[in-house]
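# Structural features, examined
Each chain, letter by letter, is given below.
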Amino acid sequence: PNQGQDRDGICRSWGQHHFETFDGIYFYFPGTCSYILAQDCHSATPEYTVWIHNSRACEGNVYSCPRALSLFFPNEEEIHISGYQVHQGGRRLSLPQTVGGVFIERLADYLLVKSVFGFSLAWDGGSGVYLKMSEEHQGTPCGLCGNFNHIAGDDLNTARGIRTDEPALFANSWTVDLPHERACPSVDLDFNGPCHSESDMDDAIEKCSALLFFPFLSCHENIDPNPFVASCVSDLCGTDDEETFCRALVEYTRACSHVGYPVREWRDSFPSCNDGCEESFVYRDCISCCPPTCTFEKECLGTNLHCLDGCYCPDGLILQNGTCIPASQCPCVYHGTSYVQGQVIQQGCSVCVCMGGVWNCTENNCTAECSVVGDVFVTTFDGRMFLQPGACQYVLAKSRGSTKFTVTLQYTTCEQQQVCIQSVTVVLDEDVNHQITLTREGEVIIGINPAPALPYADDAVEVNRLTSVFTQLKAGIGLRLHYDGQGGRVYLQLISQWRGQTLGLCGTFNGNLRDDFLSPAGMIEGTPQLHANAWKVSSACVAPVNLPIIDPCEMNQHNVYYASQCDVLLESVFTPCHGHISPISYQQQCRYQACRCGSSCLCTALAHYTYLCSKHGVDVNFRSHVSECGK
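All residue numbers refer to positions counted from 1 along the written sequence of the respective chain. Under the rules for a predicted model, residues below a pLDDT of 70 receive no local features and side-chain atom pairs below 80 are neither given nor counted, while totals for whole chains, interfaces and linings still include all residues. No hydrogens and no water enter the side-chain calculation; it runs on all heavy atoms of the structure.

## Concerning the overall build of the protein chain
So the rule is basically this: Note on conventions: DSSP H or I runs of at least 4 residues are helices, E runs of at least 2 residues are strands, and numbering of each starts at the N terminus. The rule is simple: take the accessible area with a 1.4 Å probe, protein chains only, and divide by the maximum for that residue type; under 20% is buried, over 50% is exposed, in between is partly exposed. Note on contacts: a residue pair is in contact if any heavy atoms of the two residues lie within 4.5 Å. In this description, accessible areas are obtained by the Shrake-Rupley approach with a 1.4 Å probe, and a residue is regarded as covered only by the protein chains that are shown.
Of regular secondary structure, the protein chain possesses nine helices and 40 strands. With the C-alpha coordinates of the protein chain rotated into their principal frame, the extents come out at 95 × 50 × 50 Å. Within the span of the protein chain, comprising 631 residues, buried residues form 55% of the whole. Put simply, of all contacts in the protein chain between residues at least 6 apart along the chain, 54% involve residues at least 24 apart. Carbon and sulfur atoms make up 50% of the accessible area of the protein chain, which totals about 26900 Å².

Okay, structure coming up:
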């Protein structure tokens with residue numbers, strides 16, 4: 001069958017005993033053991049391994065007998081999934097969670113595992129597991145899902161590489177012997193199917209043939225209904241009740257949703273198949289794998305199923321902390337703290353009211369500031385924070401609809417494979433004589449020549465050393481830039497006449513966080529990485545779009561001590577500032593920085609929060625409390 005229009009492969013297994021390989025071979029296998037469902041067989045260290053644990057003794061409805069999964073990724077302990085619980089190394093993981101290069105979250109009735117390497121998995125919490133692989137994995141998997149080489153005839157290869165037409169011979173060979181469990185019986189090669197009499201089978205075929213007619217016709221050319229008719233017949237021979245019949249229909253419609261051709265309103269034709277949704281949720285047959293959220297910062301990773309089916313918010317409502325709300329009731333966020341509809345804050349010299357997730361601010365004449373801290377954390381003029389992990393050249397801010405100014409950041413890879421800012425360039429009126437570059441090493445370049453000496457001034461700009469740490473650039477158009485090269489800090493300030501007149505990584509400077517990810521084409525990009533990519537100066541530089549953010553504390557264990565020092569932000573020395581700016585997100589940023597590059601980054605992160613406090617008239621001397629930062 002044609003799996004939608006893309007060349008990605010989907011392998012699925014449902015109701016304990018039903019399997020369909022990446023290349024579309026359906027087989028029934030009544031195994032009661034644990035099996036390798038799919039594994040990367042062409043690497044010395046497999047990129048992924050998925051085990052499926054079938055129910056040891058399943059009496060009755062095949063959908064109600066529990067199954068479980070084990071996932072293995074390089075350098076990670078086993079991830080065990082049963083129901084909607086995820087355990088690793090004996091501890092339960094809270095979701096969403098990033099583990100190595102894999103992101104795990106709960107969405108609607110699914111648990112999703114997304115990766116950066118073209119592998120994604122959806123699990124329905126009970127018996128259904130759905131694996132999607134991108135084209136790059138063609139020919140490399142092995143296991144019950146087959147080899148994904150777009151040839152259906154050679155899928156049943158045993159673990160020893162012998163081709164067979166016997167599902168039991170094939171599937172038994174992929175059994176996993178679990179050391180702490182008693183040996184599990186293999187399935188006889190001439191096993192009996194669940195249908196014991198002709199009449200049972202005829203009754204089941206009559207019911208299950210419903211899949212061949214309306215309302216399912218719309219999906220037939222995308223998903224062949226015949227395997228699902230066969231699996232439905234097997235299910236009904238085992239347990240002939242309405243619930244089992246409905247589940248068999250669900251599996252077909254689910255396969256259709258996963259490839260982006262949902263069967264709309266099919267339950268209208270089967271009134272006894274209720275959707276079981278709780279009060280405020282409705283059944284949706286096409287939920288995006290990255291539905292809109294109040295913050296819009298939904299990482300849309302890798303090869304996702306086109307649609308998910310299940311209970312979710314009605315169209316137009318957004319899921320926020322477990323309840324469905326209209327976008328107009330979204331909280332507003334400022335410097336990492338949430339504020340509800342109608343709350344008022346002082347932002348610089350403006351007063352702002354939260355209206356539907358958007359700050360509505362008085363137009364006072366004051367400067368706004370966009371910052372980059374520790375090379376990678378950007379806070380926009382409107383107070384939205386995100387991580388920019390790419391190593392290209394980006395437009396930090398530019399004047400909208402004119403060439404009055406452009407500020408760019410040039411990134412490079414520095415020690416320990418970290419990205420860092422190599423230089424900051426300000427260009428006025430696209431004039432090379434008014435192009436000033438400040439480098440990480442402290443050089444100042446005017447046009448293409450090093451500046452004679454600081455302070456430097458001409459008719460448009462002044463550059464001077466502000467402190468031992470910061471170089472300052474002031475332009476007559478109402479722009480001021482402070483740059484700390486070694487600490488990877490940039491503070492860009494604009495006066496209020498630029499309000500609503502900027503674009504770039506720093507956003508739109510209009511009080512609305514939700515349009516800060518506006519791209520040059522006028523589209524709002526969905527994730528921080530897409531936003532950053534949209535503002536790359538050269539398309540030749542390739543930055544990854546869908547990397548999950550890997551926690552540097554996992555990569556650099558030796559820096560965890562420095563990360564623990566970030567807790568000082570929550571302690572008494574900073575208490576006078578907590579009422580003005582919540583320290584929580586700054587503590588997380590600080591941990592990220594300290595793990596990334598040790599004590600100097602720890603001190604830079606603490607200095608950034610101290611600087612923000614000083615804008616509220618709170619002076620903190622943290623250096624006397626943190627020995628690593630003693631000056």
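Moving on from the coordinates now.
## As for the packing of aromatic side chains
Where we set the bar: Within 6.5 Å between ring centres, the rings of Phe, Tyr and Trp (the latter by its six-membered ring) count as paired, and their orientation is classed by plane angle as stacked under 30 degrees, edge-to-face over 60, tilted in between.
Within the structure shown, the criterion is met by 29 aromatic pairs. Aromatic side chains Phe381 and Phe509 sit 5.2 Å apart centroid to centroid with 35 degrees between the ring planes, which places their arrangement in the tilted category. Residue Phe381 is located in the loop between β27 (377–379) and β28 (385–387), and its partner Phe509 is located in the loop between β40 (502–503) and α5 (528–534); the two are separated by 128 residues in the primary sequence. The buried category is assigned to Phe509, whose relative accessible area is 3%.

## A word on the packing of helix α3 (residues 226–238) against helix α4 (residues 242–258)
Let me state the cut-off plainly: Lines fitted to the C-alpha atoms define the axes, with helices restricted to the stretch that makes contact. Angles between their N-to-C directions range from 0 to 180 degrees. Put simply, angles under 35 degrees are roughly parallel, angles over 145 are roughly antiparallel, angles from 65 to 115 are roughly perpendicular, and the rest are oblique. The sense of a crossing depends on the near helix, which, turned anticlockwise from the far helix by less than a right angle, makes the crossing left-handed and, turned clockwise, makes it right-handed. Under this grouping Gly is polar, as are all residues other than the nonpolar Ala, Val, Leu, Ile, Met, Phe, Trp, Tyr, Cys and Pro and the charged Asp, Glu, Lys and Arg.
Interaxial distance between α3 and α4 falls to 9 Å at its minimum, and their mutual angle equals 160 degrees. Looking at the two axes, α3 sits roughly antiparallel to α4. The element α3 and its partner α4 pack so that their crossing is right-handed. Counted together, Phe228, Cys232, Asp235 and Leu236 of α3 and Thr244, Phe245, Ala248, Glu251, Tyr252 and Ala255 of α4 form the full contact between these two elements. In terms of residue class, the contact of α3 with α4 is made up of seven nonpolar, one polar and two charged.

## Some words on the packing of helix α2 (residues 198–208) against α3
Packing of α2 against α3 leaves a shortest axis separation of 9 Å and a crossing angle of 130 degrees. In terms of their interaxial angle, α2 and α3 are classed as oblique. Classified by chirality, the crossing of α3 by α2 is right-handed. In this structure, α2 uses Asp200, Met201, Ala204, Ile205, Lys207 and Cys208 to contact α3, whose residues at the interface are Val229, Cys232, Val233, Leu236 and Cys237. For the contact of α2 with α3, the class distribution of residues is nine nonpolar, no polar and two charged.

## Considering the UniProt feature "domain: VWFD" (unreviewed entry) in the protein chain
Cut-off, in case you're wondering: UniProt positions are given in the numbering used here, feature names are shortened, and annotations may be inferred rather than shown by experiment.
Sequence positions flagged by UniProt for "domain: VWFD" (unreviewed entry) are, in local numbering, residues 9–185 and 368–542. Here residues 9–185 runs as 3% helix and 38% strand, with 31 Å between its end C-alpha atoms.

## Here we look at the sheet that holds strand β29 (residues 393–399)
Let me state the cut-off plainly: Between any two strands, at least two bridges found by DSSP are needed for them to pair.
Spatially, the seven strands line up as an open sheet ordered β34-β33-β32-β31-β30-β29-β40, and their pairing is antiparallel. Across the chains shown, the open sheet's two edge strands, defined by having one partner strand only, are β34 (449–450) and β40. Note that strand β32 (residues 435–439) and strand β33 (residues 444–446) share three bridges and pair antiparallel. What sits directly across from Thr437, in β33, is Ile445.

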